[in-house]
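Structural features, examined
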Amino acid sequence: VIKVHYYPGATIQDLEHHVVFMAGNYSDISDVIVLHVGTNNFFDKALLLRETPGTVKENFNNFLRLARLKFPHSHILVDSVLPKFNFAEYNDTIVQVNEHLQRLINDMDKASFVDLSDHVRNKETGEVRADLYRENENPGTHLNSSGKEILANVLAEHINDVIKVE
């Protein structure tokens, strides 16, 4: 059984509240928890830096500690923050945060990190693929249906790998 909960526009702090709520309902029955996070902590609507990379990293530290505490028996799968198409100037910050997430996950038991960056980039040029992102609201920020399909397939593959091993 797969349960999907998503919280558009949520910050890491918002997600902490949702993890506490979900743990009350699912902590004993969840084999794998997938934490997919974005850049809502990084930027406000005017695309100004909201938090420093250091603050964002500390917020992720706290969030992952809470997730482990609330789901002690579950495998925690964290995927990377996706690069942005129209906001390439922020991609260096995203790379820093992803490297930090990878290190955090490497230090956790029953946890793994999935870097999705290559799946949304052109294999030849390395550029972020515009065709996988929505063109309307916040263009270049959110995946369209084709991008979501790629994301879902990659995550499903990793979830299946985790279930086979454990």
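Residues numbered from 1 in each chain as written. Predicted model: local features only at pLDDT ≥ 70, side-chain atom pairs only at ≥ 80, totals over all residues. Heavy atoms only, no water.

1. What about the environment of Ala111?
Basically, it comes down to this: Each helix corresponds to a stretch of at least 4 residues labelled H or I by DSSP, and each strand to a stretch of at least 2 residues labelled E; elements are numbered beginning at the N terminus. Relative accessibility decides the category of a residue: with a 1.4 Å probe and only protein chains considered, values under 20% of the type maximum give buried, values over 50% give exposed, and everything between is partly exposed. Note on contacts: a residue pair qualifies if any of its non-hydrogen atoms lie within 4.5 Å across the two residues.
Here Ala111 shows up in strand β3 (residues 111–114). Under the relative-accessibility criterion, Ala111 is labelled buried at 16%. Along the chain, Ala111 and Val34 lie 77 residues apart, while their C-alpha atoms are 9.9 Å from each other. Setting aside chain neighbours within four positions, we find Ala111 in contact with Arg68, His75, Ile76 and Ile105.

2. Digging into the pattern of salt bridges
Put simply, the rule reads: One speaks of a salt bridge when a side-chain nitrogen belonging to Lys or Arg is within 4 Å of a carboxyl oxygen belonging to Asp or Glu.
For the structure shown, the criterion picks out 2 salt bridges. Close ionic contact of Arg65 with Glu58 constitutes a salt bridge, the shortest N to O distance being 3.6 Å. A salt bridge links Arg129 to Asp131, with the nearest nitrogen and oxygen atoms 2.7 Å apart. Among the residues examined, Arg129 registers a relative accessible area of 28% and is labelled partly exposed.

3. So, the confidence of the model for the chain
Definition in use: A residue's pLDDT is the confidence the predictor assigns to it, expressed on a 0 to 100 scale.
On average, residues of the chain score 85 in pLDDT, and 90% of them reach the 70 mark or higher. Ranking the elements of the chain by mean pLDDT puts helix α2 (residues 53–70) last, at 87, and β3 first, at 95.

4. Description of the nonpolar core
Worth spelling out the cut-off: Residues grouped as a nonpolar core are buried Ala, Val, Leu, Ile, Met, Phe, Trp, Tyr and Cys residues, joined through side-chain atoms within 4.5 Å.
If you look at the biggest cluster of nonpolar residues, it comprises 28 residues, and the most contacted ones within it are Leu35, Phe60, Phe63, Leu64, Val78 and Leu101. The residues contacting Leu101, other than those within four sequence positions of it, are Phe60, Leu64, Val78, Val81 and Phe113. With 14 residues, the next largest nonpolar core counts Val128, Leu132, Tyr133 and Val154 among its residues.

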